[in-house]
Amino acid sequence: MDVLLEGLREALGLLLSGDPYLWQIIARSLQVSGGAVILGLLVGIPLGTWLGLARFPGRGLAVALVNTGLALPPVVVGLFVYVLLSRQGPLGGLGWLYTPSAMIAAQFVLAAPYVAAITLAAVGSVPPELRLQARALGASRWQALLLHLREARLSLMAAVAAGFGAVISEVGAVMMVGGNVRGETRVITTAIILETRRGRFATAMALGLILLAIAFAANAFITRVQQAQPRRRRPLTS
Amino acid sequence: MPPADRFKLALALIFALVSCSTGTHEIVLASTTSSEDSGLFEALLPAFQRAHPDYRVRVIAVGSGEALRLAERGDADVVLAHSPRAEEKFMAAGHGESQRPVMFNDFVIVGPEADGAAIRGLRDAASALARIASSSAPFVSRGDDSGTHAREREVWAAAGVRPTGSWYVEAGQGMGAVLMMASEKQAYTLTDRGTYLSLRDQLLLTVLVEGDPALRNQYSVIVVRGAVNLEGARAFTRWITAPPAQKLIGEFGLERFGRQLFTPNAGRS
C-alpha cells in the first residue's frame, strides 16, 4: 500500500515539476502516435468511404478484411515492420530501424484499419437520399460526396480518437521497431516497462497517469459523439 | 452428456490447469536476461526437474538489478545474479539467507568488422572504451540497471569517461535485443560471451576485446531470506552447486557452439 500511495504522490510531484525526462517521453509518444494517426486518416478515410459507398463483387470480403485489421496484434505488426526495415530486409536501405520513423510506420499499420472501419460505418449511417437530393439540386459528384462526409464528420473525429487511443497505448510494435532508446524512441508505454523493471515506480506511475488521461480523453470524446448522433439526424430528413 | 454437465466439466478442467501452475511447490527463480538468452536454463532445468519432481521452477528473466529488487519485495525465492556490488549490498541489508558462487564467464566488447575506433586486440577494456568515446563511434548500452549495465558503467568509470552524446545509445532492453540493435546500427557494445555466441549467426558483429580481468563475470545464487518457498530455494541452491549440475554447466554450449560458455566454480570461489 505504501508503495502505491507514495508512488502516486511522487508521480504527481514529478509531473508538476516538469521533469524533462518525463515530458520528453510524453512528447515523443504524442508525435509518433499523432503522426501515425494522421497518415492513417490519409489512407483510411478514402478507403472507408469507398468501401462504404461503392458496390462491387468481393466487397463483403474487403469489409471483413478491414474489420480484421482492428484486431491486428501489435507484436505481429512489429515483427513484420522489423523484418522489412532491418539491414538484411528489403527496406533496410532507408535506415529507419530504431528511429521514430519506424515507429510511425508500424503504428500507421495499426491505426489505418481503425480509421477505415469507423469511416465505413459512418458513411453507411448517413441516409443515401441525402446524396441523391444533393445531386438532384445540381451538385457535382464530388460536392455530393463532400456533403456526405460532412454529415459523417463527428464519426470521423471519433475514428481519429479511437485510432489514437489504440496506438498510443500499444507497446509491442514500438518496442520492437523503436528499441526504447533513451531520448529517441522511448515512448510512454516502453518507458513504463523499463522504469517498472528498474524499480522506479514513481516515474512509471507518472507516465501511467498521463496515458490513462489520454485514453480517458479519447474515449470520453467517442462517447459524446455516439450519444450526440441520433439527435443530429432528425432535421436532415425533414 | 447434457450441456450443463459439459460446462461443469470444462470449468473443472480449467480450474485444474490453473491450480497446478500455482501450487505451493513452485520455486520462483529471478534470473538475468543473459542467462536466459543464452539458453542455459533450457539445458539445466529439465535435469533439476528429474532430480526434484515435486518442485516446479518458474524463471523470471530480468536484469540483475531488477532480480534483486524482486527478491527484496518477496516476489522471488531464489536469485541467480551477476552483479557483485549489488549482491553485496543485498546481503549486507539482510535480504539474503545465503550466497554461493555458481559459475563464471566473461564479458567481451563486440563491434563491427570494420572497427572504426580501432580497438581490435586491445587487452585493456577501459582504454578500448576511451577510444570509442574519443572517436564518437556508436555504442549501444543496456541502460537498464542490469548486471551487464553495471559492469559497463564500471569500465567507463575506469576509462575516466562520462559517456554522453548521440553516439551513446541507451537502449533500456535485454542483452539479446541490444545485440540485435548494435548489429543493425553497426555499433559497439559490451556483452556477456554466452549471449553473443548464441546469437552470433544473426549478428554482423565480431569480438574485438576480451581477456581483461575487469571483464570477468561471476554468477552467484542467493537464497532469499523468508522466501515463500524457502525449502525449494534451498533445494535448488544445493542442486546447482553440487557436482552433477556443475558438470552440466561446464558442458553447456560444447555441442551447439563448440566451446564452453560458463566455467562452474561452486567448489572454489
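None of these values were measured; they are calculated from a predicted model.

Colleague: Any chance you could explain unusual backbone geometry here in plain terms?
Modeller: Residues apart from glycine generally show negative phi values, whereas peptide bonds are mostly found in trans. Residue and element names in this part refer to chain B. Residues other than glycine seldom take positive phi values, yet D115 does so here, at roughly 50 degrees. The residue D115 is located in the loop between strand 4 (96–111) and helix 6 (125–134) in this model. One non-glycine residue, S136, lies in the positive phi region at around 50 degrees. Tracing the backbone shows S136 in the loop between helix 6 and strand 5 (139–141). Among the residues examined, S136 registers a relative accessible area of 42% and is labelled partly exposed.

Colleague: Would you explain the side chain of S31 of chain B in this entry?
Modeller: Residue and element names in this part refer to chain B. The residue S31 is located in strand 1 (residues 26–32) in this model. With a relative accessible area of 0%, S31 lands in the buried category. Setting aside residues up to four positions removed in sequence, S31 forms contacts with F41, V59, I60, A61, V62, A67 and L80.

Colleague: Would you take a moment to explain the domain arrangement of chain B for this structure?
Modeller: Interfaces are frequently sized by the accessible area removed from exposure as the parts join. All names here are of chain B. Annotation of chain B at the domain level lists domain 1 (3–104 + 217–264) and domain 2 (106–215). The C-alpha-based centres of domain 1 and domain 2 are spaced at 28 Å. The interface of domain 1 with domain 2 comprises 16 residues on the first partner and 21 residues on the second. For the pair domain 1 and domain 2, the summed buried area comes to about 1,400 Å², and 52% of that belongs to carbon and sulfur atoms. In terms of surface lost to domain 2, no three residues of domain 1 exceed D37, N217 and F257, which account for 31% of the buried area on that side. At the junction of domain 1 with domain 2, the criterion picks out one salt bridge. If you look at where domain 1 meets domain 2, you find two residue pairs in polar contact (both at pLDDT 80 or more).

Colleague: Can you walk me through a nonpolar patch on the surface in this structure?
Modeller: Residues V75, V76, L79, F80 and V83 of chain A make up a contiguous nonpolar surface patch of roughly 430 Å² in combined accessible area. Taking the relative accessible area as the measure of exposure, V75 of chain A reaches 47% and is therefore partly exposed.

Colleague: I keep staring at the packing of aromatic side chains and nothing clicks. Help me out?
Modeller: All names here are of chain B. For the coordinates displayed, the defined rule picks out twelve aromatic pairs over all chains. Between F48 and W239, the ring centres sit 5.2 Å apart and the planes meet at 70 degrees, which makes this aromatic pair edge-to-face. With a gap of 191 residues between them, F48 in helix 3 (residues 40–51) and W239 in helix 10 (residues 230–241) connect regions that are remote in the sequence. Judged by its relative accessible area of 11%, W239 falls in the buried class. Every member of this aromatic cluster is reached through a ring pair, and the members are F139, W156, W167 and Y168. The aromatic ring of F104 is capped on one face by R216, whose charged end is 3.9 Å from the ring centroid.

Colleague: When you look at the pattern of salt bridges in this model, what are you seeing that I'm missing?
Modeller: Pairing between side chains becomes possible if they bear opposite charge and their charged atoms approach one another. Residue and element names in this part refer to chain B. Applying the stated criterion across every chain, the model contains 15 salt bridges over all chains. In this structure, E97 and R234 form a salt bridge, with 2.8 Å as the shortest nitrogen-oxygen distance. A residue pair is termed long-range when its members are at least 10 positions apart, and E97 in strand 4 and R234 in helix 10 qualify at 137 residues. Judged by relative accessible area, R234 falls into the partly exposed class, the value being 28%. One salt bridge connects D106 with R193, and the closest N-O pair in it is separated by 2.8 Å. Pair noted here: D106 is in strand 4 and R193 is in helix 9 (residues 193–199), with a separation of 87 residues, a long-range link. Three or more residues joined by partner-sharing salt bridges are found here, namely R85, R151 and E154.

Colleague: It is not clear to me how the layout of surface pockets should be interpreted in this structure. Could you clarify?
Modeller: One way to see where empty space is left: roll a probe the size of a water molecule over the atoms. Residue and element names in this part refer to chain B. For the largest pocket, the calculated volume is near 360 Å³. Taken together, 14 residues make up the lining of the largest pocket; nearest its centre are G65, L68, R85, A86 and K89. Across the lining of the largest pocket, the residue classes break down as four nonpolar, three polar and seven charged. What the second largest pocket holds in volume is close to 290 Å³.

Colleague: How should the interface of chain B and chain A be read in this particular structure?
Modeller: With 21 residues of chain B at the contact, the number on the chain A side is 18 residues. For the chain B and chain A pair, buried surface summed over both sides reaches about 1,700 Å², with 45% attributable to carbon and sulfur atoms. Linking chain B with chain A are two salt bridges, by the criterion used here. Note that E66 of chain B and R197 of chain A form a salt bridge whose closest N and O atoms lie 3.7 Å from each other. Along the contact surface separating chain B from chain A lie six residue pairs in polar contact (both at pLDDT 80 or more). The set of elements that each furnish at least two residues to the side of chain B that touches chain A consists of strand 2 (56–62), helix 4 (64–72), strand 6 (168–170) and helix 8 (175–185) of chain B. With six residues, helix 8 of chain B is the single largest residue contributor to the side of chain B that touches chain A. The residue makeup of the side of chain B that touches chain A, split by class, is eight nonpolar, five polar and eight charged.

Cut-off values and rules
- Residues numbered from 1 in each chain as written.
- Chains lettered and ligands numbered in written order.
- Predicted model: local features only at pLDDT ≥ 70, side-chain atom pairs only at ≥ 80, totals over all residues.
- Heavy atoms only, no water.
- Helix = DSSP H or I, 4+ residues; strand = E, 2+ residues; numbered from the N terminus.
- Buried < 20%, exposed > 50% of the residue type's maximum accessible area, 1.4 Å probe, protein only.
- Contact = heavy atoms within 4.5 Å.
- Domains from an automatic or database assignment.
- Buried area = accessible area lost by both parts, 1.4 Å probe.
- Salt bridge = Lys/Arg side-chain N within 4 Å of Asp/Glu carboxyl O.
- Polar contact = N/O pair within 3.5 Å; in protein donor to acceptor, adjacent residues only side chain to side chain.
- Patch = residues over 30% accessible without salt bridge, like charges linked within 9 Å, V, L, I, M, F, W, Y side chains within 5 Å.
- Areas by Shrake-Rupley, 256 points an atom, 1.4 Å probe, with all protein chains shown as cover.
- Phe/Tyr/Trp six-rings, centres within 6.5 Å; stacked < 30°, edge-to-face > 60°.
- Lys NZ or Arg CZ within 6 Å of the ring centre and 35° of its normal.
- 1 Å grid on protein atoms, 1.4 Å probe; cavity = no way out; pocket = protein on both sides within 12 Å on 5 of 7 lines; lining within 4 Å.
- Points joined across faces, edges and corners; volume = space filled by probe spheres on them.
- Nonpolar A, V, L, I, M, F, W, Y, C, P; charged D, E, K, R; others polar.

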